[in-house]
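Tertiary structure, described
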Amino acid sequence: MMTTLGSASAPPGEFDTGRLEVGEARDGSTVGLPVAVLNGAADGKTLYVQAVSDGDELNGLGVINRLVPQLDPEEVAGQILFVGIVNYHGFQVAEHRNPIDDTKMNRAYPGDANGTSSERIAAATFEAAKRADLVVDLHQGRTSRMIDEVRVRCGPRHRLHRECLELAKVFGTGYVLDQKGPDGQLARAAPDEGIPTIDPELGGAVGWDEESIRIGVEGMFRVLRYYSFLDGDVERDLQTRASGFDQYGSPAGGLVTYEVDLGERVSRGDVLFEVTDAFGTLKARVTADNEGIFWRSRRLPQVATGEYVCSVGTDVDQF
Ligand SMILES: [Zn+2]
């Protein structure tokens, strides 16, 4: 049986790249997302992998870019469907949102084939995702600084929660955020179709972060082995899970200095950051409301009053 996605089509034991058409650009040229299919020589499950749903999140593309040349279709059981760049228009201009309709792609799922630009791209990629037994939607903490973690977005009461958590544990970055996500996320829409889905958040960077990409490639190999696409055993290490997520804004305008490092445990009352003026005079000192793990922080030091500064993962346990 051929495996086909857009213009990519491969018989068993082969790999092919192509384009998945999602309409036309403003100049009338065809917009085709870069896609690939890997059709394993043996039968098995189907895995769907996508990256750059948010147009400035490039680490996931780095993972696909490094992973694919290491895969031999002759040694794979099952098939892998790749969409290398989902947010085509955002990627072209290195912006987070799709500039055609100013929409965050990961709020547009399951999409609408007759809708806005983002809804059409979401619908086309969701059609591909629905063919899979497992979905991996590669993201990162935008261009901020963030630990490498995996998000389970279906929520703890979803019928697929256990399967999604298992997939997150297999991917194995060491940290999991297990919290129901906003409507329109692929990691919400695909579990509703009965497909275990994770949203690996591979650090945060401007451009490519080689360490986060390495962690992502390792995670993909663990998924491929655990679900029998590839031979080999997988050690499932204990993951640190946060079920809550406190976000901190700045009480004053100025320059932020952090008092804790990414991944560090914080207790209630610990100083997270200070805000000073241009000449070093202290304007504000912000402490943790709850205990947890210092998860994410803005990259640029300058902040306005109320502007986002950092996040702490809370309600932490291990599984
Ligand atoms: Zn994202």
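Just above, that's the structure.
Residues numbered from 1 in each chain as written. Predicted model: local features only at pLDDT ≥ 70, side-chain atom pairs only at ≥ 80, totals over all residues. Heavy atoms only, no water.

Within the chain, the regular secondary structure consists of six helices and 19 strands. Computed over its C-alpha atoms, the radius of gyration of the chain comes to 20 Å, within 12% of the 20 Å expected for a compact globule of 319 residues. Dimensions of the chain, computed from the C-alpha atoms along their principal axes, are close to 65 × 50 × 35 Å. For the chain, buried positions account for 55% of its 319 residues. The long-range share in the chain, meaning contacts at least 24 apart out of those at least 6 apart in sequence, stands at 70%. (Helix = DSSP H or I, 4+ residues; strand = E, 2+ residues; numbered from the N terminus. Rg over C-alpha atoms; globule rule 2.2 N^0.38 Å. Buried < 20%, exposed > 50% of the residue type's maximum accessible area, 1.4 Å probe, protein only. Contact = heavy atoms within 4.5 Å.)

Protein coordination of the zinc ion is provided by Asp54 (OD), Glu57 (OE), Glu57 (OE) and His139 (ND1), with donor distances spanning 1.9 to 2.6 Å. What the four donor atoms of the zinc ion show is an angle range of 54 to 146° at the metal, which sorts the shape as irregular. Coordination of the zinc ion draws on donor residues from a single chain, spaced D-x2-E-x81-H in sequence. Asp54 gets classed as buried once you look at its relative accessible area, which sits at 1%. With a relative accessible area of 3%, Glu57 lands in the buried category. (Donors = N, O, S within 2.8 Å, 3.2 Å for Na, K, Ca; no water. Tetrahedral: all angles 85-135°; square planar, octahedral: opposite > 155°, others 65-115°.)

Here we take up the packing of aromatic side chains. In the structure shown here, the tally under the stated rule is six aromatic pairs. A centroid spacing of 6.1 Å and a plane angle of 85° characterise the contact between Phe245 and Trp295, whose relative ring orientation is edge-to-face. Taken together, the positions of Phe245 in strand 12 (residues 240-249) and Trp295 in strand 17 (residues 292-297) put the pair 50 residues apart, joining distant regions of the chain. Classification of Phe245 by relative accessible area gives buried; the value is 17%. An aromatic cluster of at least three residues, connected via ring pairs, comprises Tyr175, Phe245 and Trp295. One residue, Arg66, lies across the ring of Trp208, its end atom 4.5 Å from the ring centre. Note that Arg241 overlies the ring of Phe319, its terminal NZ or CZ placed 5.1 Å from the centroid. (Phe/Tyr/Trp six-rings, centres within 6.5 Å; stacked < 30°, edge-to-face > 60°. Lys NZ or Arg CZ within 6 Å of the ring centre and 35° of its normal.)

In this section: the packing of helix 1 (residues 59-67) against helix 6 (residues 210-226). One way to put it is that helix 1 packs onto helix 6 with a least axis distance of 8 Å and a crossing angle of 60°. If you check the angle between helix 1 and helix 6, you find them oblique. The hand of the helix 1/helix 6 crossing is right-handed. Seen from helix 1, the contacting residues are Asn59, Gly62, Val63, Arg66 and Leu67; seen from helix 6, they are Glu210, Ser212, Ile213, Gly216, Val217, Met220, Phe221 and Leu224. Split into classes, the residues belonging to the contact of helix 1 with helix 6 amount to seven nonpolar, four polar and two charged. (Axes fitted to C-alpha atoms, helices over the stretch in contact; angles between N-to-C directions. Parallel < 35°, antiparallel > 145°, perpendicular 65-115°, else oblique. Left-handed = near helix turned anticlockwise from the far one by under 90°. Nonpolar A, V, L, I, M, F, W, Y, C, P; charged D, E, K, R; others polar.)

The next thing to look at is helix 4 (residues 161-171). Helical periodicity: at 3.6 residues per turn, an α-helix aligns residues three or four positions apart in one direction. Taking burial as the measure, the 11 residues of helix 4 include eight buried ones, the bulk of the element. Within helix 4, burial applies to His161, Cys164, Leu165, Leu167, Ala168, Lys169, Val170 and Phe171. Immediately downstream of helix 4, the backbone of Gly172 shows phi near 70°, a positive value.

Counting residues in each nonpolar core, the largest one holds 42 residues, and the members touching the most others are Leu47, Leu71, Phe82, Leu138 and Phe171. Listed in part, the 28 residues of the second largest apolar core include Leu5, Tyr48, Leu81 and Met105. (Core = buried A, V, L, I, M, F, W, Y, C linked by side-chain atoms within 4.5 Å.)

Moving on, we get to unusual backbone geometry. Only a minority of non-glycine residues have a phi that is not negative, and only a minority of peptide bonds are not trans. The residue after Tyr109, namely Pro110, is reached through a cis peptide bond having omega 10°. With respect to the helices and strands, the residue Pro110 is situated in the loop between helix 2 (88-92) and helix 3 (117-129). Phi is positive for Ala94, which is not a glycine, with a value near 55°. Examined against the element boundaries, Ala94 turns out to sit in the loop between helix 2 and helix 3. Given a relative accessible area of 58%, Ala94 falls into the exposed group. Of note, Asp102 is a non-glycine position whose phi angle comes to about 50°, a positive value.

Before going further, it helps to examine the pairing of strand 17. Counting buried residues along strand 17, six of its six residues qualify, which places the element largely inside the surrounding structure. Both strand 8 (residues 145-146) and strand 17 contribute to a ladder of two bridges, which runs antiparallel. Counterpart to Arg145 in the pairing with strand 17 is Ser297. Of the pairings in the sheet, the one linking strand 14 (residues 265-266) to strand 17 comprises two bridges and is antiparallel in character. If you follow Val266 over to strand 17, its bridge partner there is Gly292. (Pairing = 2+ DSSP bridges.)

Read these as spatial facts, not as claims about activity.
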